[in-house]
Amino acid sequence: MRYLPLTDDDRRSMLADIGVQNIDDLFADIPEDMRLKELIDLPRHASELEVERQLGEMAARNTPASSAPFFVGCGAYKHHVPASVDHLIQRSEFLTAYTPYQPEISQGTLQYLFEFQTQVALLTGMEVANASMYDGSTACGEAVLMAQRLTRRSKAVLSGSLHPQYRDVVSMLSDLSETSLETLAADPEGTEDIIASIDDETACVVVQSPDVFGRVRDLSAVAAAAHEKGALVIAVVTEVISLGALKPPGEMGADIVVAEGQSIGVGLSFGGPYVGLLATRQKYLRQMPGRVCGETVDANGKRGFVLTLSTREQHIRREKATSNICTNSGLCSLAFTIHLSLLGEAGLMKLASINHANAVMLADALAGIKGVDVLTPSFFNEFTIRVPGRGVDVIEALVDKGVLGGVPVARLVPGEKNLQDFIIVAATEVNTAEDRKAYVKALTEVLS
Amino acid sequence: MSMNKAGRPTSAQGGQSSDHPTFTGNKALQIEEPLIFEVGDVGKTGVDFPDPEPHEMRLGGLERQKIGLPGLTEPEVMRHYVRISQKNFAIDAGVYPLGSCTMKHNGRLNEKMARLPGFGDVHPLQPESTVQGALELIDTLAAWLLEMTGMAGVAMSPKAGAHGEFCGMAAIKSAQIAKGDARTVVLVPESAHGTNPATAALLGYKVRDIPAREDGTVSPEAVKEALDTDVAGIMLTNPNTCGLFERDIVAIADAVHEAGAYFYCDGANFNAIVGKAKPGDLGVDCMHINLHKTFSTPHGGGGPGSGPVVFSEAIAPYAPVPYVVRNGDAFSLVESVEAADGAHPFGRQTAFHGQMGMFVRALSYMMSHGSDGMRQASEDAVLNANYIRAGLRDVMSQPFGDQVCMHEVLFDDSFLKDSGVTTLDFAKAMIDEGFHPMTMYFPLVVHGAMLIEPTESESKAALDQFIATLRDLVQGTKDGDLVRFTGAPHHAPMARLDETRAARDPVLRWSPEAHAEAAE
Ligand SMILES: Cc1ncc(COP(=O)(O)O)c(C=O)c1O
């Protein structure tokens, strides 16, 4: 077995040194009749070549995003990641370390976490950020709990154009912890009046921009209204590249910003692992969930970094902790940091403008198809169209023509009868003019 | 042989090392590296893009003017991150016996498999017809986990152990609510990992502590004592955080079930018993499995992890969405509570379907090891821990006496009594010797705890060196050279860091003003 260094001779001599006869003497605490006598019913060990063959066959039965004109978004986006990012994150020193509990021999991890936190704060326009959450949706759930602690109020108000699976995460938490929740109806046309739902019991308002339908939203008025009632504003960003083009939530009055960081450095990977970003104001620090890295000095006065403020965390505070999170998204935050270091402000803004350009051109091209309406007047790289017929069927028919055309809204909100004909379409820098042409041609054929 | 300019072989003469300061502050391979904010430039970038085609702006008047993010070119980025990486310890560099964390070798095949475009480059919301292989992979991994654990159902979406704990306890809570028997208390032994009580509290439960008995395990009597009709369940780690198998686990499970409560098993230590016993035979109702521990998906400097949860018949119907269903050769996803025919999912814990990248790596590990290799891995992990115990038992102290342990061995600090050396000092001195310290001060119930988990990945030679080193350190605490400990680490990239200062006056990000001031 290529992974196990002990030889049979080693095993024998070690058992003798321990003072037992055979290996099962070391398992004697397992009740006799529960001890497995036979091997479990699974295949025996396999060579690299065999495993590659079997997994390769499974992989071949999927259609990779890079193999077709690809316009699927809704919280995860196909972007190009520079080759150096994947090379660096596979360095043993990063890949095979764990949580930097021993800062003297973990400055590599700690320094990139400090850089990550700074980048996240700058991007979101906030004062501080933590060292990552699992993903955007769980960060959103944690942000609601954080706002409830900060305001000592229970009610959360969720915009109807919050990503439906983010909404599901929050409502699951609210059901199980018996807090109150007001969820506005799904809102592809941008008509909801969220301010009307804010009252003196409201802990927080959760608003996404660009929202799940792609629409860009100014949060300022919602923030002013919320603050007047003593409520906090949680801004959600599922496409973090948008922060290269759009005014950040921190400049529009957000108190907590949560984002999905997948677009920068991480890749699609069928939904995970991703990296959740969570940023807030300095004054709310003590209620922030998750690990944070802070600057300090060592015994020789040299600058260094450590995990800090751990009195918020489960390993110290146990049932009084701000969250139960322990393992987070370490390596994905490294990928994010490296990619963003390569981009820098100039690169990110240019990348964002290409995304926007491609989306605008695609929207105009699709709007020219008979029967198709583009519903989103202002957007970043994603927008919603209405098609004649069921969106699910249209997307399936597009697959037959070799185009991955977007996400039918009905997949995300299966219950809503009146959303059957909506499709959310994303365009990024990976889409070429030919991709757009292929989409227009395929959709025209499907609809005719 | 290295040659100097004149072509003569260099000799070692006159080259004794000393602490001679350098002009740069660098120490050969250890190179000081500033933050990217101090070396980058907002005008610079390491990614080339074509100019966007001319287009209308539709950003709703919310254009951003500036961000303040520095950029670096590719050679600068490479150097920056390579340099800082060299300040990290890692499994690939040396023994990393961090108890409770299972720092085993991370096979590189697994990395390669996760990067196949068919897994790494598929979108979670692509039509199901285009991701049949991805769904098959999830279904296959689920089946392997069920076979290994002997349980009835599995939730794949939890993102780490703690997220899995929440999943299991949420399913238990939902099951009891559905029966009209909502309860308010969860039993947690004092030795439990902090995530256990934190999880219970997140779900609105009160935590009731269970003390351990003399030998470090939980007694059925103590559990019975604490059980009443308010108790929803117990969260018990097995093998436990003291490295011991809970030998009365079946009696505990029976008592819990008799009281109408459920048994949540924290499976962080599953590596000790894969192929040796099935949690399903032990009366467990839910157990999370840390794929990043037992199944070797890399720890990545703190994550990402993955924490699938297996369930008994009684709890399985309450497992969350999404899940994969197999119909013959076709696979589909159940993504909403409404679509869950006949089941009662407690809801959704995360967007999308879980940590696919970790699933691929874990399955690649499992297929590589197979039923025989996984059992051998558990046996070797347990053997290695006991070998360390045998090698150190006469010089270090064990809180519960010298008894057979599972895959990790626990020492306390009584062997350091009156030496002037603390557990922390001892651990830091291990750093100088080229080892990552063990887990310190956990479990909390043991004074000055040192929890050593070698895993199956260590060779006998590595263990022998580790044991010899620790014996020498123990001797050192008696020889009076206290600076070896109290001043340690002496040879690490950094001396001991001031954690108090970091917490008192938190600086959590770089900012131009604060850092310009500090530089003066
Ligand atoms: C015993 C135990 N339980 C639970 C956890 C939590 O797992 P995770 O860090 O994956 O959330 C850990 C790990 O750190 C652990 O050691």
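The model shown is predicted, which means the values in this text are computed figures rather than measured ones. The residue numbering used here restarts from 1 in each chain and proceeds along that chain's sequence as written. Chain letters and ligand numbers both follow the written order, the letters beginning at A and the numbers at 1. Under the rules for a predicted model, residues below a pLDDT of 70 receive no local features and side-chain atom pairs below 80 are neither given nor counted, while totals for whole chains, interfaces and linings still include all residues. In computing side-chain properties, one takes all heavy atoms of the structure into account and sets aside hydrogens as well as water.

Colleague: So what about the packing of helix H10 (residues 356-392) of chain B against helix H12 (residues 460-479) of chain B? Which residues, and what values?
Modeller: Residue and element names in this part refer to chain B. Two elements in contact, H10 and H12, have axes separated by 10 Å at closest approach and are oriented at 30°. Judged by the angle between their axes, H10 and H12 are roughly parallel. Our pair here, H10 against H12, has a crossing hand that is right-handed. Of the residues in H12, those touching H10 at Asn384, Tyr387, Ile388, Gly391 and Leu392 are Lys460, Leu463, Asp464, Phe466, Ile467, Leu470 and Arg471. The residue classification treats Ala, Val, Leu, Ile, Met, Phe, Trp, Tyr, Cys and Pro as nonpolar and Asp, Glu, Lys and Arg as charged. All others, Gly included, are polar. Classifying every residue of the contact of H10 with H12 by side-chain character gives seven nonpolar, two polar and three charged. Lines are fitted to the C-alpha atoms to define the axes, a helix being fitted only along its stretch in contact, and any angle between axes, read from their N-to-C directions, falls within 0 to 180 degrees. Put simply, DSSP marks the helices as runs of H or I at least four residues long and the strands as runs of E at least two long, and each gets a number from the N terminus on. In this scheme, roughly parallel covers angles under 35 degrees and roughly antiparallel covers those over 145, while 65 to 115 is roughly perpendicular and the rest are oblique. Here is the rule for handedness: rotate from the far helix to the near one, and if that takes an anticlockwise turn smaller than a right angle the crossing is left-handed, while a clockwise turn gives right-handed. Throughout, a residue-residue contact means that at least one pair of heavy atoms, one from each residue, lies within 4.5 Å.

Colleague: Hey, could you go over empty space enclosed by the protein for me, with residue numbers and the actual values?
Modeller: Think of a 1 Å grid over just the protein atoms. A cavity is a set of points where a 1.4 Å probe fits yet cannot get out, a pocket is an open set with protein on both sides within 12 Å along at least five of seven lines, and lining residues have an atom within 4 Å of a point. Grid points are joined across faces, edges and corners, and a volume is the space filled by probe spheres set on the points. In this structure the tally under the stated criterion is twelve cavities of 30 Å³ or more. Empty space within the largest cavity amounts to approximately 170 Å³. Around the largest cavity, the lining comprises 15 residues; the ones closest to its centre are Thr138(A), Glu142(A), Leu173(A), Asn324(A) and His163(B). Here the lining of the largest cavity takes four residues from helix H6 (residues 136-151) of chain A, the largest share from any one element. Within the lining of the largest cavity, the residues separate by chemical class into nine nonpolar, five polar and one charged.

Colleague: Describe the site of the ligand, listing the residues and the values that go with them.
Modeller: Neighbouring the ligand are 15 residues; Thr327(A), Ser100(B), Gly161(B), Asp266(B) and Lys293(B) lie closest to it. At the site occupied by the ligand, nearby residues are drawn from chains A and B. The contact in question runs from an oxygen atom of the ligand to an N or O atom on the side chain of Thr327(A), over 2.6 Å. Here the ligand, which alone exposes 390 Å², has 99% of that area covered by the protein. In terms of residues, the shell around the ligand owes the most to one element, helix H6 (residues 161-178) of chain B, which gives three residues. Tallied by class, the residues present in the shell around the ligand amount to five nonpolar, seven polar and three charged. It suffices for a single heavy atom of a residue to lie within 4 Å of a molecule or strand for the residue to be listed as near it. The term polar contact refers here to a pair of N or O atoms within 3.5 Å; inside protein, the definition further demands a hydrogen-donor-capable atom paired with an acceptor-capable atom, and it admits residues adjacent in sequence only when both atoms are side-chain atoms. All accessibility values rest on the Shrake-Rupley procedure with a 1.4 Å probe; residue burial counts only the protein chains present in the view.

Colleague: Please give an account of the packing of aromatic side chains that cites residues and values.
Modeller: Pairing of aromatic side chains here covers Phe, Tyr and the six-membered ring of Trp, requires ring centres within 6.5 Å, and sorts the geometry by plane angle: under 30 degrees stacked, over 60 edge-to-face, intermediate tilted. This model, assessed by the stated rule, comprises 13 aromatic pairs over all chains. Ring geometry for Phe89(B) against Tyr96(B): centres 5.7 Å apart, planes inclined by 70°, an arrangement best described as edge-to-face. When sorted by exposure, Phe89(B) lands in the same class as Tyr96(B), which is buried. Seen from their ring centres, Phe426(B) and Phe485(B) are 6.3 Å apart, and the 10° between their planes marks the pair as stacked. One end of the pair, Phe426(B), is in helix H11 (residues 423-432); the other, Phe485(B), is in helix H13 (residues 483-486), and 59 residues separate them in sequence. Here the aromatic residues Phe270(B), Phe295(B) and Tyr365(B) are joined through ring pairs into a cluster of three or more. One Lys or Arg, Lys173(B), reaches over the ring of Tyr205(B) and ends 5.3 Å from the middle of that ring. In our convention, an over-ring charge means Lys NZ or Arg CZ found within 6 Å of a ring centre and within 35 degrees of that ring's normal. The ring of Phe27(A) has Lys276(B) sitting right over it, with the charged end atom 4.6 Å from the ring centre. Only protein chains enter the calculation, and the probe is 1.4 Å; a residue is then buried if its accessible area is under 20% of its type maximum, exposed if over 50%, and partly exposed in between.

Colleague: Any details on the pattern of salt bridges? Residues and values, ideally.
Modeller: What makes a salt bridge here is a side-chain nitrogen of Lys or Arg within 4 Å of a carboxyl oxygen of Asp or Glu, nothing more. One pass over the structure, following the stated rule, counts 56 salt bridges over all chains. The residue Glu192(A) makes a salt bridge to Arg217(A) at a minimum N-O spacing of 3.1 Å. Here the residue Glu192(A) occupies a position in the loop between strand S3 (181-183) and strand S4 (202-208), and Arg217(A) occupies one in the loop between S4 and helix H8 (220-228), the gap between them amounting to 25 residues. Here Glu192(A) falls in the buried class, since its relative accessible area comes to 17%. Linked through salt bridges whose partners overlap, the residues forming this network are Asp24(A), Lys276(B), Arg375(B) and Glu379(B).

Colleague: Kindly report on the interface of chain A and chain B, identifying the contributing residues and their values.
Modeller: Of the residues lining the interface, 199 residues belong to chain A; the matching set on chain B comes to 206 residues. Buried area counts how much accessible surface, traced with a 1.4 Å probe, disappears from two parts once they are put together, with both parts' losses summed. When chain A packs against chain B, the two sides together hide about 17,400 Å² of surface, and 64% of this comes from carbon and sulfur. Summed over the shared surface of chain A and chain B, the result is 16 salt bridges. In this structure, Lys350(A) and Asp51(B) form a salt bridge, with 2.9 Å as the shortest nitrogen-oxygen distance. At the surface where chain A touches chain B, the tally comes to 101 residue pairs in polar contact (both at pLDDT 80 or more). The leading source of residues in the side of chain A that touches chain B is helix H10 (residues 330-367) of chain A, at 26 residues. The residue inventory of the side of chain A that touches chain B, partitioned by class, reads 102 nonpolar, 55 polar and 42 charged.

Colleague: Got a sec to walk through the domain arrangement of chain A? Specific residues and values, please.
Modeller: All names here are of chain A. Throughout the structure description, domain borders are defined by an automatic or database domain assignment. Assigned domains of chain A: these are domain 1 (65-80 + 345-447) and domain 2 (83-340). Relative placement of domain 1 and domain 2: their C-alpha centres are 27 Å apart. For domain 1, the biggest contributors to the area lost against domain 2 are Tyr77, Leu348 and Phe380; these three give 25% of the whole. Viewed at the interface, domain 2 and domain 1 are joined by one salt bridge. Measuring nitrogen to oxygen at the nearest pair gives 3.0 Å for the salt bridge that ties Glu189 to Arg386.

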